[in-house]
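Residue-level structural notes
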Amino acid sequence: MPMIIDAGHVGWHVLLRAAGTALVLWFGALLALPFASEASRNVTLFAISEADALRAIASADVDILGGSGRVFRLRARAPGFASRLYASGRVVVLAGNSGGCEIARQR
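How each quantity is defined
Residues numbered from 1 in each chain as written. Predicted model: local features only at pLDDT ≥ 70, side-chain atom pairs only at ≥ 80, totals over all residues. Heavy atoms only, no water. Buried < 20%, exposed > 50% of the residue type's maximum accessible area, 1.4 Å probe, protein only. Helix = DSSP H or I, 4+ residues; strand = E, 2+ residues; numbered from the N terminus. Pairing = 2+ DSSP bridges. Axes fitted to C-alpha atoms, helices over the stretch in contact; angles between N-to-C directions. pLDDT = per-residue confidence, 0-100. Contact = heavy atoms within 4.5 Å. Core = buried A, V, L, I, M, F, W, Y, C linked by side-chain atoms within 4.5 Å. Salt bridge = Lys/Arg side-chain N within 4 Å of Asp/Glu carboxyl O.

Structural notes on the pairing of strand E1 (residues 42-47)
- Where burial is concerned, most of E1 is hidden: 5 out of the 6 residues are buried.
- With 5 bridges connecting them, E1 and strand E3 (residues 71-76) associate as antiparallel partners. Directly across from Val43, in E3, lies its bridge partner Leu74.

Structural data, given as structure tokens:
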């Protein structure tokens, strides 16, 4: 008796797995970028709590460009800032520019 394979299910599973892998790789690259390329010293810090955010900012040599609560835009003054931010506690650091939506609103 021949085996019947439903190509529709196989195609969706492959597509979903590929999309999931692409998302994991994309976010992994975003998380690694502050370490790999400190040429861009502007980052966005996301923390579990405001206390965690302030503790991380105090431990690193950075200037606050904007933000409040658990999300801050920062600019580093010295190399190695991303390691110091991560070492301080429960934070996520994403590379980013200093402008974002705020500059677009000012125009």
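From this point, things continue past the structure.
Details of the sheet that holds E3
- The strand order E2-E3-E1-E4 describes an open sheet built from 4 strands, whose pairing is antiparallel. At either end of the open sheet lies a strand with only one pairing partner, and these are strand E2 (62-68) and strand E4 (91-95). Mean inter-strand twist for the sheet, computed between neighbouring axes without regard to direction, equals 25°.
- Of the strand pairs in this sheet, E1 and E4 are connected by 5 bridges, and their pairing is antiparallel. Note that in E4 the partner of Val43 across the bridge is Ala95.

Some words on the confidence of the model for the protein
- For the protein, the mean per-residue pLDDT works out to 76, and 72% of the residues sit at or above 70.
- In the predicted structure, residues 103-107 sits below a pLDDT of 50 and forms 0 contacts with residues beyond four places in sequence or in another chain.

A look at the nonpolar core
- Leu45, Val62, Leu74, Phe81 and Leu85 are the most contacted members of the largest nonpolar core, which has 16 residues in total.
- What Leu85 contacts, discounting residues up to four positions off in sequence, is Val43, Leu45, Ala56, Ile57, Ala60, Leu74, Val91 and Val93.

Here we look at the environment of Phe46
- For Phe46, the location among the structural elements is in strand E1.
- As a C-alpha pair, Phe46 and Arg90 span 44 residues in sequence and 8.7 Å in three-dimensional space.
- Leave out the neighbours within four places in its chain, and Phe46 touches Arg70, Val71, Arg90, Val91, Val92 and Leu94.

Points about the pattern of salt bridges
- Counted under the stated rule, the structure contains 3 salt bridges.
- Arg55 is the partner of Asp52 in a salt bridge, and the nearest nitrogen-oxygen pair spans 2.6 Å. Of the two residues, Asp52 and Arg55 both sit in helix H2 (residues 50-59), 3 residues apart, roughly one turn of that helix.
- With a closest N to O distance of 2.7 Å, Arg77 and Asp63 form a salt bridge. Residue Arg77 is found in the loop between E3 and helix H3 (81-87), and its partner Asp63 is found in strand E2; the two are separated by 14 residues along the sequence.
- Overlapping salt bridges, with partners in common, bring together Asp61, Asp63 and Arg77 in one network.

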